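Survey of secondary and tertiary structure
So you can see what is in the structure, the chains are spelled out below.
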Amino acid sequence: MDLGIADDDLASCVACGLCLPHCPTYRVTGEEALSPRGRVAGMRQVQWEGRAADDSFVHSMETCVQCRGCETACPSGVPFGRLIEPTRATLAEGLPAPAPGGRGSGARRRPPLALRAGLRALGHHRLVLAGSTALALGQRVRLVPFALVRRFGLPTRLPLRRPRLRASGSDVWLFTGCVMDAWMRDVHADVLRVVEATGAGVALPGRDGACCGALALHAGLASEARARAQRTMAALPGDAPILVDAAGCGAALRDYGHLLGTEEARAFSARVLEVHEWLADHMDVLRAAAARAAPGERAPTRTERTVVAVQDPCHLRHVQRSHLAVRTVLSPFAAVVELDDEGLCCGAGGAYAAVQPDLAGAIRSRKVAAIERSGAPVVASANPGCALHLAAAGVTVVHPCTIVARALDSADAPARR
Ligand code: SF4
Ligand code: SF4
């Protein structure tokens, strides 16, 4: 069966096993089939040797968090994302139903109906906002069972009101997304505060630019993801850089060139920057802005700054490879401490925490233990999925730009007195 993987990519694994310690599903299960090497072997059997895509193959593929930790660890340069994405898309969209009596069924290999309906709804931003407000109201009057909140990794207190975002110019775009705009718009407000402190004017996309398609692609719904990509590109025209404050969305926007395979998409992807990457190039202006806001004030020493542990979202560290910029941006404003787990995934993975709750919980426990060992009271994470997943385990998580915005505001306060 053709899984849609390029043969050269599939052949590139030499089965050395050096990626195994970097794979979260292998770390928590110890199962070869749930390791990168085991998954590549399974793909080869199906694509090259005529093995049926049976339940054990489907399980091996569906339990992959798609964190791509194996990609950065692999000395042979195996492009694991180029292997797992077409495999998941074939399973979700292109697999014919098996013969009657065969193991599994065509429907079983597709993402669950509720997940597909939820992902489709993300393309309608007004619906997302209205649904979020209805859920928030339900939470206030205790109509939303806590088990439901836990099962789907929802925030325990969704916002009833969201700050109004105002465009301030056209130097850069800020991509605002779907779920993040509904649940965490205050983070966008903090990002606007920080970017504007550098003197840049920020443009905002309309409703059509709301959902990038990352979650659909993660679930294997490649056609849906391509349609979202076309809409997003149309909503962010021109040449201005596109800043993204959610690591998963940033990785998706940067991959439109590959997803759509057009010159226009490649040019669009080249304009996309993770917001900390852009800010890291404007640190002199940002520091000067903080100093201007509090003239004569001594900058806080390292021991006076908030101690913050940085959690690297996989789509920042392993896919966009821009995680060091977060440290550059945070360092003048917080005492940054590192986790000792070499960037191992937290288990959030798009909708992974909802569809694989046991594995996601076991992977998260390792991350929470690393956070506890760090001794930091606060964790900075630049991805809403990771932030929600960790917050559900009782961790205090904020976006890195929120820490910078608070520091700018507290520097501003004495200047206003
Ligand atoms: S994916 Fe890379 S690191 Fe892992 S077994 Fe294959 S060649 Fe080795
Ligand atoms: S993408 Fe992540 S979960 Fe999947 S095989 Fe690679 S390291 Fe393991």
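The coordinates are above.
Here we summarise the structure given alongside this text. Residue positions are counted from 1 within each chain, in the order its sequence is given. For this description, chains carry letters from A and ligands carry numbers from 1, given in the order in which they are written. Reporting in this predicted model follows two pLDDT cut-offs: at least 70 for local features of residues, and 80 or more for side-chain atom pairs to be given and counted; totals over whole chains, interfaces and linings ignore these cut-offs and use all residues. Where side-chain values are given, they derive from all heavy atoms of the structure, hydrogens and water being excluded.

**Comments concerning the nonpolar core**
Going by this rule: Buried Ala, Val, Leu, Ile, Met, Phe, Trp, Tyr and Cys residues form a nonpolar core when they are joined through side-chain atoms within 4.5 Å. Only protein chains enter the accessibility calculation, which uses a 1.4 Å probe. A residue is then buried if its area is under 20% of the maximum for its type, exposed if over 50%, and partly exposed in between. Whether two residues are in contact is decided by their heavy atoms: any pair within 4.5 Å suffices.
Ranked by internal contacts, the top residues of the largest apolar core, which has 91 residues, are Val 195, Ile 242, Leu 253, Tyr 256 and Leu 330. Those residues within four positions of Leu 330 in sequence are excluded, and the remaining contacts are Val 308, Val 310, Val 336, Ala 380, Pro 400, Ile 403 and Val 404. Ranked by size, the runner-up nonpolar core spans 21 residues in total, among them Cys 19, Leu 20, Cys 74 and Val 78.

**Some remarks on the site of ligand 1**
We count it as follows: Whether a residue is near a molecule or strand is decided by its heavy atoms; if any one of them lies within 4 Å of it, the residue is near. The definitions used throughout rest on a 1 Å grid laid over the protein atoms alone, on which a cavity is an enclosed set of points accommodating a 1.4 Å probe that cannot get out and a pocket is an open set flanked by protein within 12 Å on both sides along at least five of seven lines; lining residues are those having an atom within 4 Å of a point. For a molecule to be placed in a cavity or pocket, more than half of its atoms must lie within 2 Å of the grid points of that cavity or pocket.
Around ligand 1, the structure places Cys 13, Val 14, Ala 15, Cys 16, Gly 17, Leu 18, Cys 19, Arg 37, Cys 74, Pro 75, Ser 76 and Val 78. Among the detected pockets, ligand 1 sits in the largest cavity.

**Description of the state of the cysteines**
Rules: When two cysteine sulfur atoms lie within 2.5 Å, the pair is treated as a disulfide.
Taken as a whole and judged by the stated rule, the model has zero disulfides. You can see Cys 314 has no disulfide; the closest cysteine sulfur is in Cys 345, sitting 3.9 Å from it. By relative accessible area, which is 8% here, Cys 314 ends up buried.

**Observations concerning unusual backbone geometry**
For the record, the criterion: Strands are runs of DSSP state E lasting at least two residues, helices are runs of H or I lasting at least four, and both sets are numbered from the N terminus onward.
Although it is not a glycine, Arg 68 adopts a positive phi angle of roughly 65°. For Arg 68, the position within the fold is in the loop between helix 4 (55-62) and helix 5 (69-73).

**Thoughts on empty space enclosed by the protein**
Selection rule: Grid points are joined across faces, edges and corners, and a volume is the space filled by probe spheres set on the points. In this count, Pro and Cys sit with the nonpolar residues alongside Ala, Val, Leu, Ile, Met, Phe, Trp and Tyr, while Asp, Glu, Lys and Arg are called charged and the others, Gly among them, polar.
Taken as a whole and judged by the stated rule, the model has four cavities of 30 Å³ or more. Of the voids in this model, the largest cavity is the one considered here, and its volume is about 140 Å³. Contributing to the lining of the largest cavity are 18 residues, with Cys 13, Cys 19, Pro 36, Cys 74 and Val 78 lying nearest its centre. Per element, the largest residue contribution to the lining of the largest cavity is three residues, and it comes from helix 3 (residues 36-49). When grouped by side-chain class, the residues that make up the lining of the largest cavity number 13 nonpolar, three polar and two charged. Lining the second largest cavity are 13 residues, and of these Cys 23, Pro 24, Arg 39, Cys 64 and Cys 67 sit closest to its centre. Class assignment of the residues belonging to the lining of the second largest cavity gives a composition of eight nonpolar, three polar and two charged.

**Quick notes on the site of ligand 2**
In the vicinity of ligand 2, 13 residues are found, and the nearest of them are Cys 23, Cys 64, Cys 67, Arg 68 and Cys 70. Taken atom by atom, the bulk of ligand 2 overlaps the second largest cavity. When residues of the shell around ligand 2 are traced back to their parent elements, those giving at least two are helix 2 (24-29) and helix 3.

**A few points about the packing of aromatic side chains**
Test applied: Pairing of aromatic rings covers Phe, Tyr and Trp, the last counted by its six-membered ring, and requires centre-to-centre distances within 6.5 Å; plane angles under 30 degrees mean stacked, over 60 mean edge-to-face, and any other angle means tilted.
Scanning the model with the defined rule gives one aromatic pair in all. Taken together, a centroid distance of 5.6 Å and an interplanar angle of 20° make the contact between Tyr 256 and Phe 268 stacked. Here the residue Tyr 256 occupies a position in helix 15 (residues 256-260), and Phe 268 occupies one in helix 16 (residues 263-270), the gap between them amounting to 12 residues. By relative accessible area, which is 1% here, Tyr 256 ends up buried. With relative accessibility at 4%, the residue Phe 268 sits in the buried group.

Function cannot be read off these values alone, since they describe shape.
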